Amino acid sequence: MLLAKSTPPVGLRQHTMDVLLALTELRAIWPEIPACIDKAAIFHDVGKAASGFQSMLRGTGPSWHFRHEMLSAEIFRQCCDMGDEDNLLTYLTVLTHHKNLGTGNEVSVAFRECYSQSQYSRWFDKWRELLSNATEIKAELAGLDTRIDEWTPREDATSPANQAASLIGDIRPVFSCRELAIARGALVAADHLASSGLVSTTRGRNISQESLERYARTHIDGWAEWSPMQQEAGSKIGSAMLVAPTGAGKTEAALLWALANRHGFERVFYVLPYQVSINAMASRIAEAFPDEEGHTEISRNNNVSVLHSNMDLAYLEDAQSDEVPHEQAVATALGRSNAARKIYAPMKVTTVYQLLDIFFGRKFFEVGLLELTGSVVIFDEIHAYDGHTLGLIVVLLEYLQKLSARMFIMTATLPEPLKVLLRGAAGIANRNEIRLDKSDPLLTEVRRNIATDDRCIENATKKVRESVLAGRKTAVVCNTVAKAIKMFDALADLRPFLVHSRFTLGRRAEREKKEHIEQQRLVIATQVIEVSLDVSFDDMFTELAPADSLLQRFGRVNRHARRPDLGSPGICYIACGKDPGSERVYSAEILAKTAAHIPNEPLNFETACRWIEAVYPNGLTEKQAEQMNAAQQVFRGVVEQLKPMLDSTVTRSTEESLLDSVQVIPEELESQWRAQKQQGNHMEAKKFIVNVSLPSWKGALWRAGIGTPPSSLGWTIAPFKYDGLKGLLLDLPLGH
């Protein structure tokens, strides 16, 4: 038997059959996958039959140091008429199912190393190794394709890598011709599924309205039927927009819309701004749609995947329990993360950055494009993005339209000009904007009132103490990590719980759990508390921020009507004093406008909408509009030049500037991180990473006089103090 895989051993014929089965499953979801790609599945790993490659797989020979797919492509070229367009498509797919050809200007090293342009090229030895097993190839794959059965090998073959430069010149951008991207995406996806032992993708047969209703009956207090707004969402076909306040049931409305628009087994993406809310939402959706075996935990439910840069830690948190050994939990988390990266689960809860990454041209971006084709995409909390990110999203929406995706955009507070912009980008008809009925009590319900103070938030410590000591659950929300830490120090005797983005990922996974935050009597946080965190406080003290941000923060106050009646609303205190840190984060103009239009009347949804329109009559400030337009221009240029089978031209600096963040390892934790990396415990090592916004990082380096920070194993090391209770302290360099 010829092998295709070594651990565990899998025969070439078995692997080929597994890839064909995976392709059949994928084609049931995406019928546009060309039929000729079945031929690619049959030929793609034939090159592994070379005697040296087989010895390596069996552990009896050294590493092979050659690309097997070059041999596979040459066998295909000898067996098939290369003047046929389908055969050319298949040939390219076989040739590139592991490596890109290169960039638009240069052939990749992987292909250059496989040239046969001199008599000393390794190609000739490798081809002879393959010919030595030609009879075994025919026996192993007998009956799968008559062209292999009838193949007469040519000894004078030259390497397909020689053609790479001319092939690069012939490849067209994805969005002028998608067939090549679909073909490659399908073969790569099928190969990865088969190699992972998953073989078949999950279609999600239990994702239904009946299942969602069962969830509502057991998880939503007093549920009897869907509200008129939710019923309307469930009746809309095509892209739609929902504008409704907190507590209106937007999540269920979005899922009802998704069910109505999921005609077959298309994929559903639920997009949220922050990782802190994704894990909780994934758990909620997993409860609503148990898989066919009844699993509701995200670490076991095959219907739902978490997809973000730290999903392995999310799966580890979910898989861990007193009854499960740590090693088993790690194995489960790795398996689930592996599946989440593939076309496997039909529902993915993710950040917008994961979708943007596809259009940046990451390796095998074609798989992502295939998965997004015809998909159903829900954008929750669309108002939470800044002008820069909104610019990226506008371009993303335009190209999702070209992939025949349907989009559902949800917001509680968004200025009318931005609604118009997003509706246009997503192709949403005016008739598909959903609002609450004018008689709905949620429009006039008052859950919270506003109180203001002309001083900075540091002057509110006395009132914060009074609130906490009176037994009220209290939140203090600051605009910068530095200010949050300062308030933490000022109120340290009350044992506050600090939540911000500059803790290590391991600490964040623990600290940002809903159940941990709910147990605290005083939480001090930054903007991470604004979005989709389903916790409720009695009182909130916040720095002045733009009106839309303030309204998101206020949504955490009296969220579940915890007070005896709505006649006793929660209190939201706004510290309106001029703060330099706040003005580095937000426009001074917007802060002034927000303060000038703070409502004097009770805060209900209608009042909140008027506040937003007063602050943002044009949708964005002039500076925000400039940021959005600049991001659109750069990102649209990136997407327009995107070509299948080629490396993206986007540099790391360009991508960082568009995504606006950097990952670092605190220097004081570097030895622990390095030890885990060197032992191969990559998931444990990941717990030491800290995410820092690019402006904060650059500013900290400049203030510390650090030109280029140290690095280790390819990672940036942060030469700043790290405190287990406070996080990474960018104002305390370690003497560099």
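Scroll up a little and you will see the structure.
What comes next concerns the included structure. (Residues numbered from 1 in each chain as written. Predicted model: local features only at pLDDT ≥ 70, side-chain atom pairs only at ≥ 80, totals over all residues. Heavy atoms only, no water.)

### Section: the overall build of the chain
Under the convention used in this document: Helix and strand assignments follow DSSP, with helices taken as H or I runs no shorter than four residues and strands as E runs no shorter than two, numbered in order from the N terminus. The atom set for the radius of gyration is the C-alpha atoms, and the globule formula is 2.2 Å times the number of residues raised to the power 0.38. Burial here depends on accessible area, computed with a 1.4 Å probe over protein chains only, as a share of the maximum for the residue type. Under 20% is buried, over 50% is exposed, and the range in between is partly exposed. Two residues qualify as a contact provided that any one of their heavy atoms is within 4.5 Å of a heavy atom in the partner residue. Note on areas: these come from Shrake-Rupley sampling with a 1.4 Å probe, and a residue is covered only by the protein chains present in the view.
In terms of helices and strands, the chain carries 34 helices and 21 strands. For the chain, whose C-alpha radius of gyration is 28 Å, the value lies close to the compact-globule estimate of 27 Å for 736 residues. Over its C-alpha atoms, taken along the principal directions, the chain stretches across nearly 85 × 60 × 55 Å. Residue burial in the chain is summarised as follows: out of 736 residues, 57% are buried. Within the chain, residue pairs in contact and separated by at least 24 positions form 75% of the contacts whose partners lie at least 6 positions apart. When the accessible surface of the chain is totalled, it reaches about 29,700 Å², and 48% of it is carbon and sulfur.

### Side note on the sheet that holds strand 3 (residues 240-243)
Selection criterion: Strands pair, by our definition, only if DSSP identifies at least two bridges between them. Lines fitted to C-alpha atoms define the axes here, with helix axes fitted over just the stretch in contact, and angles between the N-to-C directions of these axes take values from 0 to 180 degrees.
Read from one edge to the other, the open sheet built from seven strands follows the order 5-6-4-7-8-3-9, with strand pairing classed as parallel. Among the strands making up the open sheet, the edge pair consists of strand 5 (304-307) and strand 9 (433-435). The sheet shows a mean angle of 15 degrees between the axes of neighbouring strands, direction not considered. Relative to strand 8 (residues 406-411), strand 3 runs parallel, the two being bridged by four bridges. If you follow Met-241 over to strand 8, its bridge partner there is Ile-409. The strands touched by helix 13 (residues 228-235) are strand 3, strand 8 and strand 9; relative to strand 9, the strand with the most contacts, the crossing angle is about 165 degrees.

### Side note on the pairing of strand 5
Alternating residues of strand 5 divide into Val-304 and Val-306 and Ser-305 and Leu-307, and every residue in both groups is buried. With four bridges connecting them, strand 5 and strand 6 (residues 347-351) associate as parallel partners. Paired with Val-306 across the strands is Val-349, a residue of strand 6.

### Re empty space enclosed by the protein
To find the voids left in a structure, one rolls a probe of water-molecule size over its atoms. Put simply, the test is: With a 1 Å grid spanning the protein atoms alone, the term cavity applies to any set of points in which a 1.4 Å probe fits but cannot get out, the term pocket to an open set with protein on both sides within 12 Å along at least five of seven lines, and the term lining residue to any residue with an atom within 4 Å of a point. Grid points are joined across faces, edges and corners, and a volume is the space filled by probe spheres set on the points. Only Asp, Glu, Lys and Arg are considered charged, only Ala, Val, Leu, Ile, Met, Phe, Trp, Tyr, Cys and Pro nonpolar, and every remaining residue, Gly among them, polar.
Enumeration according to the criterion identifies five cavities of 30 Å³ or more in this entry. In this structure, the largest cavity encloses a volume near 280 Å³. Lining the largest cavity are 16 residues, and of these Pro-245, Thr-246, Arg-448, Asn-604 and Phe-605 lie nearest its centre. Within the residue set of the lining of the largest cavity, elements represented by two or more residues are helix 26 (547-554) and helix 29 (605-615). Here the residues of the lining of the largest cavity sort into eight nonpolar, five polar and three charged.

### Some points on the sheet that holds strand 16 (residues 661-666)
An order of 17-16-19-18 is seen for the four strands of this open sheet, with the pairing classed as mixed. Where the open sheet ends on each side, the last strands, each with one partner, are strand 17 (690-693) and strand 18 (711-712). One ladder, built from four bridges, connects strand 16 with strand 17; its direction is antiparallel. Counted as the bridge partner of Val-662 is Val-692 from strand 17. The strands touched by helix 32 (residues 670-678) within the sheet are strand 16, strand 18 and strand 19 (715-718), with strand 19 carrying the most contacts at an inclination of about 155 degrees. Against the sheet, helix 34 (residues 694-704) engages strand 16, strand 17 and strand 19, with an angle of about 85 degrees to strand 17.

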